[in-house]
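# Structural overview
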Amino acid sequence: MVREIVEYPSSILQKVSKEVVKFDKNLHDLLDDMYETMMAKSGIGLAAIQVGVPLRILILNLPSGEEDKQDIKDLIEAINPEILTSKGSVTYNEGCLSVPGVYEDITRKEFIKIKYYDRAGNKIIKECDNLMSIAFQHEIDHLNGHLFIEKLSYLKRKKFDKEWKRRLKSKKS
Ligand code: QAP
Ligand code: CO
């Protein structure tokens, strides 16, 4: 089932998500819905809080290969993810399904070592770079109630606020 995406400025997106303790059918159904929703909205990453569920769950399906296509074989389902170590710095023009139509250059760690659990509860430890590293950091920020626009400079944030206000107004009328 495709679920509704929670959009900025909903206060739901500021919630700190809770650890998953039960690796049961409920979790599997949520993961399946998150994948369907992400694909339906043309996303490459999604956190559970973006469909209104405050649990520490994220999924990633990064494009790869010749034509930069998404392949379900590359789907990562990360439960209770934690960054163990990080280094370096990289800037990427990020977007977010909860802030549609907005893309901004954001600087993050270039390399991370991450620990998470898969849907069966197996512990995974993985070293990531490039887009995978950026995407994990973006989604883990969601689990802690943060959005990429919080990383903008004061002036860029003011410009974003102004544009978003304008957009909300035109939506209402
Ligand atoms: C997070 O972002 C991310 O504005 C996932 O109109 C960001 O899937 C991972 C999207 C940067 C890696 C690098 C955004 C779709 C999708 C939009 C997304 C839009 C339609 C964003
Ligand atoms: Co996002």
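Details of the structure are given in the entry above.
Residues numbered from 1 in each chain as written. Chains lettered and ligands numbered in written order. Predicted model: local features only at pLDDT ≥ 70, side-chain atom pairs only at ≥ 80, totals over all residues. Heavy atoms only, no water.

The subject of this paragraph is the packing of aromatic side chains. Applying the stated criterion to the full structure yields five aromatic pairs. For the pair Tyr 116 and Phe 136, a centre-to-centre distance of 5.9 Å together with 35° between the ring planes defines the contact as tilted. Linking Tyr 116 in strand E6 (residues 111-117) with Phe 136 in helix H2 (residues 130-143), this pair joins segments that are 20 residues apart in sequence. Classification of Tyr 116 by relative accessible area gives buried; the value is 6%. For Lys 87, the ring lying beneath its charged end belongs to Phe 111, and the centroid distance is 5.3 Å. (Phe/Tyr/Trp six-rings, centres within 6.5 Å; stacked < 30°, edge-to-face > 60°. Helix = DSSP H or I, 4+ residues; strand = E, 2+ residues; numbered from the N terminus. Buried < 20%, exposed > 50% of the residue type's maximum accessible area, 1.4 Å probe, protein only. Lys NZ or Arg CZ within 6 Å of the ring centre and 35° of its normal.)

Before going further, it helps to spend a moment on the sheet that holds strand E3 (residues 76-87). Ordered in space as E1-E2-E3-E6-E7, the five strands form an open sheet in which the pairing is antiparallel. The open sheet has two edge strands with one neighbour each: strand E1 (45-47) and strand E7 (123-128). Ignoring which end each strand starts from, the neighbouring axes of this sheet average 35° apart. Pairing between E3 and E6: six bridges, direction antiparallel. (Pairing = 2+ DSSP bridges. Axes fitted to C-alpha atoms, helices over the stretch in contact; angles between N-to-C directions.)

Right, let's get into a positive patch on the surface. Taken together, the side chains of Lys 162, Lys 165, Arg 166, Lys 169 and Lys 172 make up a positively charged region of the molecular surface. Counting through the fold element by element, Lys 165 comes out in helix H3 (residues 154-172). (Patch = residues over 30% accessible without salt bridge, like charges linked within 9 Å, V, L, I, M, F, W, Y side chains within 5 Å. Areas by Shrake-Rupley, 256 points an atom, 1.4 Å probe, with all protein chains shown as cover. Salt bridge = Lys/Arg side-chain N within 4 Å of Asp/Glu carboxyl O. Lys, Arg positive; Asp, Glu negative; His and termini not counted. Charge placed at Lys NZ, Arg CZ, Asp CG, Glu CD.)

A few words on the pairing of strand E5 (residues 104-108). Along a regular strand, successive side chains alternate from one face of the sheet to the other. Covered by surrounding structure in E5 are Glu 104, Ile 106 and Arg 108 only, the residues Asp 105 and Thr 107 on the alternate face being uncovered. As paired elements, strand E4 (residues 90-94) and E5 share five bridges and run antiparallel to each other. Paired with Asn 93 across the strands is Asp 105, a residue of E5.

The protein atoms that coordinate the cobalt ion (ligand 2) are Cys 96 (SG), His 138 (NE2) and His 142 (NE2), at distances spanning 2.1 to 2.2 Å. Binding-site remark: the cobalt ion (ligand 2) is held by donors from one chain whose sequence spacing is C-x41-H-x3-H. Here Cys 96 is found in the loop between E4 and E5, whereas its partner His 138 is found in helix H2, with 42 residues between them in sequence. The pair Cys 96 / His 138 is uniform in exposure class, with both members buried. (Donors = N, O, S within 2.8 Å, 3.2 Å for Na, K, Ca; no water.)

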